[in-house]
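Okay, here's what each chain looks like letter by letter:
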Amino acid sequence: MPILEAFELYRFYHAREEETLALRGASIQIAKGEIVVVMGASGSGKSTLLACLAGLDEPDGGYVELVGKRLTRRPEFERARMRAANIGILLQSGNLFEYLSVEDNIRLKMHLARKLDEQRVKDLIAWVGLQERSKARPSQLSGGEAARAGLAVALATNPSLLLADEPTGEVDAETELKLLNLFKARRQEGGATLIATHSNLLAAHADRIIQLQDGRVIYG
Ligand SMILES: Nc1ncnc2c1ncn2[C@@H]1O[C@H](COP(=O)(O)OP(=O)(O)OP(=O)(O)O)[C@@H](O)[C@H]1O
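So, here is what we can say about the structure in this document. Quick caveat, the model's predicted, so the values are computed rather than measured.

## Quick look at the overall build of the protein chain
Each helix and strand counted, the protein chain has 7 helices and 10 strands in total. Its C-alpha atoms give the protein chain a radius of gyration of 17 Å, within 12% of the compact-globule value 17 Å for 220 residues. Along the three orthogonal principal directions, the C-alpha set of the protein chain runs to about 50 × 40 × 35 Å. Restricting the contact set of the protein chain to residue pairs at least 6 apart, pairs at least 24 apart contribute 68%. In the form shown here, the protein chain has an accessible surface area of approximately 10800 Å², with 49% of it arising from carbon and sulfur atoms. Each charge sign in the protein chain was given a centre, from 28 positive and 29 negative side chains, and these centres are 5 Å apart.

## Quick word on the sheet that holds strand 6 (residues 87–90)
Taking strand neighbours across the sheet as the criterion, the 6 strands line up as 6-7-8-3-9-10 in an open arrangement whose pairing is mixed. This sheet does not close on itself; its edge strands, each paired only once, are strand 6 and strand 10 (216–219). On average, each strand axis in the sheet is tilted by 25 degrees relative to the strand beside it, whichever way the strands run. Taken together, the 5 bridges between strand 7 (residues 161–165) and strand 8 (residues 192–196) define a ladder with parallel strand orientation.

Conventions used here
Residues numbered from 1 in each chain as written. Predicted model: local features only at pLDDT ≥ 70, side-chain atom pairs only at ≥ 80, totals over all residues. Heavy atoms only, no water. Helix = DSSP H or I, 4+ residues; strand = E, 2+ residues; numbered from the N terminus. Rg over C-alpha atoms; globule rule 2.2 N^0.38 Å. Contact = heavy atoms within 4.5 Å. Areas by Shrake-Rupley, 256 points an atom, 1.4 Å probe, with all protein chains shown as cover. Lys, Arg positive; Asp, Glu negative; His and termini not counted. Charge placed at Lys NZ, Arg CZ, Asp CG, Glu CD. Pairing = 2+ DSSP bridges. Axes fitted to C-alpha atoms, helices over the stretch in contact; angles between N-to-C directions.

Now the structure itself:
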């Protein structure tokens, strides 16, 4: 069974007189242990797709199944509960609460999911190589450190699926490589990762590439 499956997603945006078709029948599947990269020109619908897959946005047509259960067209609190149990989200930036240290950001995420686990806090911090920076606030971190801290927070509750939207967009080449290696390490443990990105490095190491164009999957 795929961890996540999307069937014929449509999403329209209405702004003033204009209507934008951000998704026009996009279908995808992600299996356990896969790294799937979604590529496409700016405006092709990558962020919209990820938001629909995470249940943060509701598609106007089609639906998403998360671990075999429909996520779409449920009340927000139910989508939030399903998301919290199964999905970690990593964005280009803004993954951390500014007034909390790295380790407290991780703890807060666990606490909200009622999964506080001090050993896992330590393990995650070591895994992303931030042992020396665990008490630092986000504003005291370099871009690369903040990206790794964001990944630790996204994976705090050990989600079966990581959705990453342009995670290496604002980091240097060294951090890009570090993040790639962390995504690969996750794959060995059976975790699935879907990455919307323009990064050729991430694409080169993906198990599968999905190409979006004008809201449609044209490849993959
Ligand atoms: N909230 C919104 N209101 C109106 N139009 C929107 C909204 N969000 C996205 N769009 C439009 O939907 C289309 C798809 O946008 P989306 O952000 O999903 O593309 P993207 O592939 O992620 O782009 P980028 O690579 O630049 O982040 C674009 O034409 C965009 O202008």
